[in-house]
Amino acid sequence: MVIGGGPGGYVAAIRASQLGAKVILIEKDLIGGTCLNRGCIPMKALLSDAGLLRSLKRSPVFGSLFPEGLDLLQSMTDRKAKVVQEMVKGIEILLESYRVTIQYGEADLLGGTRVGLVKREGGREAIETDVIILAPGSKSKSIPNIHPDGERIITSDEALELGKIPHDIVIIGGGYIGAEFATLFSTLGSKVTIIEILEDILPGIDSEMVRNFQRVLEKEGVKILTRSSVEDLRQADEGLKLTVRTSQGIEEMAAEKLLVAAGRTPRLDLDFQKAGVEVSPSGIRVSRRMETSAPKIYAVGDAIGGILLAYVASEGGVVAAENAMGIDRKMEDFPIPICVFTHPGIASVGLTEKEARAKGEIRLGRFPFRSNPKAQVCGETDGLIKVIASRESDEILGIHIIGPGASDLISVAAMIVGQRGKAKEFTRLLQAHPTLPEALKEAVLDAEGLAIHLPRPLRRK
Ligand code: FAD
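Keep in mind that what you see is a predicted model, and the values were worked out from it rather than measured.

K.L.:
Looking at this structure, I do not really get the sheet that holds strand β24 (residues 396-402). What am I missing?
P.N.:
Strand pairing in a sheet relies on backbone hydrogen bonds, with the paired strands running either antiparallel or parallel. Spatially, β20-β21-β24-β23-β22 is the arrangement adopted by the five strands of the open sheet, whose pairing is antiparallel. At either margin of the open sheet sits one strand with a lone partner, and together these are β20 (338-340) and β22 (362-368). Here the strands of the sheet are splayed against their neighbours by 10 degrees on average, with no regard to which way each runs. Note that β22 and strand β23 (residues 384-390) share seven bridges and pair antiparallel. Across the sheet, residue R366 finds its bridge partner in β23, namely K386.

Here it is as structure tokens:
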């Protein structure tokens, strides 16, 4: 029995079925969960259209074809809805092909391995099962005294459905979700302000990448207020008035929309106590085999806290299903690649420069996309790749990318860092021409002081 049909739950269901289990998947809303319906997929569909628009507007050939004030958000939203619908249908067909029974309704724990189900079409049922995999996901974090009303004060759920470009939007939270919405609305022409309580936006990302990204956003008119918070919020005739405490003092501002993007928190509304499943405010407690404190009950995905990302949830789903079916599996501790689908995109794997310096002597390699032929032919030359290697062992410890193709390039980077690859070994591999991976090879070469397409004076260690 799997509770929750997001990327944690439905992947667990398929893997368990592949291993011979008879699986029931209970979902109270829509198959695909947050990721497919209100997260990754709708967000990236809108960002993909916005990216296209951005490239065309910046193009010396096509730029002049776009009049100011063009509002195509409704058409973008309609396209996004079609992508989502098609993908949800695809997952349902996939589950059917694996003979997974989907029950729509709300599940709860009744003790032992009994599950209560309140069916969507009415009626209740208690089901006895051999194993339960919990994957109930997460919800938007709330901020004291700021209550989303779905109209002027919104969460990411409503921000994906606006249909009309807001004149101005204030985003509370400069994490990856806030940064992606900032790119989206700024590209579409909104006046965007990010309010972030921490010292920097995009916590956890290498600070050189953050500085580069911040520079691009500010050049495009996005205002970024770090070490800042909303002190007071009032309704106005056409939107909201905000009093913001910034590092420079108090600032008053107006906004048509206020988007609360302060992160996500595990959804913990099942009766865990009844089943003896230990939870803390940061999530359901699990071992690296995804076992909870209760026998025969596993938990995966956003609900266990830690890194709240779809591919981490799915891998957890595979591990839980395999253990449930008698294969001994642990979550691996390979470094997790992180992508931010902004324009320019950011992607990161392994240690940041600050973390690597704390561990020992390092060598840095940098390669700017403006020196890469593929970036030049595409007219996408903003950004760079930075490689961090151990001075002692030559091992590549971290790779950080801002610029074109970042989220695809990071796959190769994750393999190098995950397999503790040495700089010298990677530089012997051929990369096709003209491609973006050539820039990755050059960045690794630069860590050795040997980049071919960097003039001597630009080399910095
Ligand atoms: P969910 O996807 O939340 O699924 C949980 C499911 O369980 C839901 O469908 C819910 O209805 C159901 N459920 C809950 N309780 C019950 C119950 N009692 N009975 C029955 N069903 C129940 N991640 C990425 O990797 N890449 C991205 O680019 C990315 N972008 C994002 C953008 C946004 C705007 C947001 C909000 C999130 C984004 N994420 C992204 C995060 C990603 O969506 C989540 O990490 C992922 O969906 C977690 O999967 P899950 O299966 O744990 O939970």
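Resuming the write-up.
K.L.:
Is there a simple way to think about the side chain of T183 in this case?
P.N.:
Turning to its location among the elements, T183 is positioned in helix α6 (residues 176-188). With sequence-adjacent residues up to four places away left out, T183 is seen in contact with L47, F213, L217, T342 and H343.

K.L.:
Before we go on, may I ask you to explain the side chain of H343 in this structure?
P.N.:
For H343, the location among the structural elements is in the loop between β20 and β21 (346-350). Within polar-contact distance, the side chain of H343 engages the backbone oxygen of L47 at 3.0 Å. Reaching out from H343, the side chain makes a polar contact with the backbone nitrogen of G51 at a distance of 3.3 Å. Not counting residues within four places of it along the chain, the set of residues in contact with H343 comprises L47, A50, G51, R54, T183, T187, F213 and V216.

K.L.:
I would appreciate a short explanation of the sheet that holds strand β13 (residues 239-246) in the present structure.
P.N.:
Read across the sheet, three strands follow the order β12-β13-β14 without closing on themselves; strand pairing throughout is antiparallel. The two strands at the open ends of the sheet, each matched to only one other strand, are β12 (229-236) and β14 (249-255). In this sheet, adjacent strand axes meet at a mean angle of 20 degrees when their direction is disregarded. In the sheet, β12 pairs with β13 via seven bridges, with the strands oriented antiparallel. Paired with D232 across the two strands is T243, which belongs to β13.

K.L.:
What should I look at first to understand the packing of helix α1 (residues 7-18) against helix α4 (residues 73-97) in this one?
P.N.:
What describes two packed helices is the angle between their axes and the distance between those same axes. Axis separation between α1 and α4 bottoms out at 10 Å; the angle between their running directions is 25 degrees. Comparing the axis directions of α1 and α4 gives the class roughly parallel. Considering the relative orientation of α1 and α4, their crossing is left-handed. The segment α1 lies against α4, with Y10, A13 and I14 engaging I91, L94 and L95.

K.L.:
Is there a simple way to think about the environment of V23 in this case?
P.N.:
As for its position among the elements, V23 is in the loop between α1 and β2 (24-27). Given a relative accessible area of 4%, V23 falls into the buried group. Remark: the alpha-carbon pair of V23 and T101, spanning 78 residues in sequence, is separated by 6.3 Å. Setting aside residues no more than four positions away along its own chain, V23 makes contact with V2, A13, A16, S17, R99, V100 and T101.

K.L.:
When you look at the domain arrangement of the protein in this model, what are you seeing that I'm missing?
P.N.:
Accessible area lost when the parts come together is the quantity often used to give the size of an interface. Under the domain assignment, the protein is made up of domain 1 (2-139 + 265-324), domain 2 (153-262) and domain 3 (338-458). Each of domain 1 and domain 3 has a C-alpha centre, and the two are 33 Å apart. Between domain 1 and domain 3 lies a buried interface of about 660 Å² when both sides are counted; carbon and sulfur atoms form 51% of it. Area buried by domain 1 at its contact with domain 3 is led by L47, R54 and R58, which between them contribute 53% of it. Viewed at the interface, domain 3 and domain 1 are joined by one salt bridge. A salt bridge links R58 to D382, with the shortest nitrogen-to-oxygen separation between them at 3.5 Å. Our enumeration of links across domain 1 and domain 3 arrives at four residue pairs in polar contact (both at pLDDT 80 or more). At seven residues, the largest contribution of residues to the side of domain 1 that touches domain 3 is made by helix α3 (residues 40-58). Residue composition of the side of domain 1 that touches domain 3, grouped by class: four nonpolar, two polar and three charged.

Reading guide: rules and limits
- Residues numbered from 1 in each chain as written.
- Predicted model: local features only at pLDDT ≥ 70, side-chain atom pairs only at ≥ 80, totals over all residues.
- Heavy atoms only, no water.
- Pairing = 2+ DSSP bridges.
- Helix = DSSP H or I, 4+ residues; strand = E, 2+ residues; numbered from the N terminus.
- Axes fitted to C-alpha atoms, helices over the stretch in contact; angles between N-to-C directions.
- Contact = heavy atoms within 4.5 Å.
- Polar contact = N/O pair within 3.5 Å; in protein donor to acceptor, adjacent residues only side chain to side chain.
- Parallel < 35°, antiparallel > 145°, perpendicular 65-115°, else oblique.
- Left-handed = near helix turned anticlockwise from the far one by under 90°.
- Buried < 20%, exposed > 50% of the residue type's maximum accessible area, 1.4 Å probe, protein only.
- Domains from an automatic or database assignment.
- Buried area = accessible area lost by both parts, 1.4 Å probe.
- Salt bridge = Lys/Arg side-chain N within 4 Å of Asp/Glu carboxyl O.
- Nonpolar A, V, L, I, M, F, W, Y, C, P; charged D, E, K, R; others polar.

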